[in-house]
Amino acid sequence: MESYRELLDGNLKWLTQVKEADPTIFDRLSEGQSPKFLWIGCSDSRVPATEITGSIPGSIFVHRNIANLVVHTDTNLLSVLYFAVEYLNVKHILVVGHSSCGGIKAAMSDESFGFLDNWLNHIRDVRNAHKPELELITNEADRTDALAMINVRQQVINLSRVSFIRQKWQTGEFPVLHGWYYQLKDGMLRDLNISMNSVEQSEKFLAGL
Ligand code: CO
């Protein structure tokens, strides 16, 4: 059997189980979506948003890229973000980094990864800005994970500077931005306590307070 058939067979098994548990789910989902959450996570196959949060389809709007970056000129990310904020009115935006991230690991070194350097350099900028605190960590894996957490914080700050997020905050308390970290060793998601939903909070984080 071709290996891709596993996915189609898996889909049949999955839809049967889901329908058994909730017979009208697909009728409801085919009418539309109103997710409360936007997830900005890593493309890593081990960190699927819906599964690790025990959510059902329709719960989370998702954007994933290598190392969960928020780059201000990325029209793909900005379009997902704009749609989520202006049309879906999501209440919470979660930037989710994770341990043993390949993108972060690659960005720890200055070795060239060819085309990927154009993306990884965004992470290297974060690394360079935090060199002294990273150099204090002697274990390489721990240092990589520390950068993954610092990177989440930086990406939440980047998110808080997006024009239409700031406009939205002038009219209400949503969306609230959050930074989370997923530990592959135990499957646990941790809140990094860098939530913000105002320009004032954003400016405080920017100033490093
Ligand atoms: Co990753």
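Conventions we followed
Residues numbered from 1 in each chain as written. Predicted model: local features only at pLDDT ≥ 70, side-chain atom pairs only at ≥ 80, totals over all residues. Heavy atoms only, no water. Salt bridge = Lys/Arg side-chain N within 4 Å of Asp/Glu carboxyl O. Buried < 20%, exposed > 50% of the residue type's maximum accessible area, 1.4 Å probe, protein only. Domains from an automatic or database assignment. Axes fitted to C-alpha atoms, helices over the stretch in contact; angles between N-to-C directions. Helix = DSSP H or I, 4+ residues; strand = E, 2+ residues; numbered from the N terminus. Parallel < 35°, antiparallel > 145°, perpendicular 65-115°, else oblique. Contact = heavy atoms within 4.5 Å. Nonpolar A, V, L, I, M, F, W, Y, C, P; charged D, E, K, R; others polar.

## A look at the pattern of salt bridges
Working step 1: Within the structure shown, the criterion is met by 6 salt bridges.
Working step 2: A salt bridge links R46 to D44; its shortest N-O distance comes to 2.6 Å.
Working step 3: Judged by relative accessible area, R46 falls into the partly exposed class, the value being 39%.
Working step 4: Since its relative accessible area comes to 15%, D44 is described here as buried.

## Concerning the domain arrangement of the protein chain
By a widespread convention, an interface's size corresponds to the accessible area lost as its parts come together.
Working step 1: Domain annotation of the protein chain identifies domain 1 (1-32) and domain 2 (33-208).
Working step 2: Centre-to-centre separation of domain 1 and domain 2, based on C-alpha positions: 30 Å.

## Some remarks on the packing of helix α6 (residues 117-129) against helix α8 (residues 140-160)
Working step 1: Taken N-terminus to C-terminus, the directions of α6 and α8 make an angle of 105°; their axes are 10 Å apart at the nearest point. With respect to each other, α6 and α8 are oriented roughly perpendicular. Taken together, the residues of α8 that come into contact with α6 (itself represented by I123, V126 and R127) are L147, I150, N151, Q154 and Q155.
Working step 2: Per-class residue counts for the contact of α6 with α8 are 4 nonpolar, 3 polar and 1 charged.

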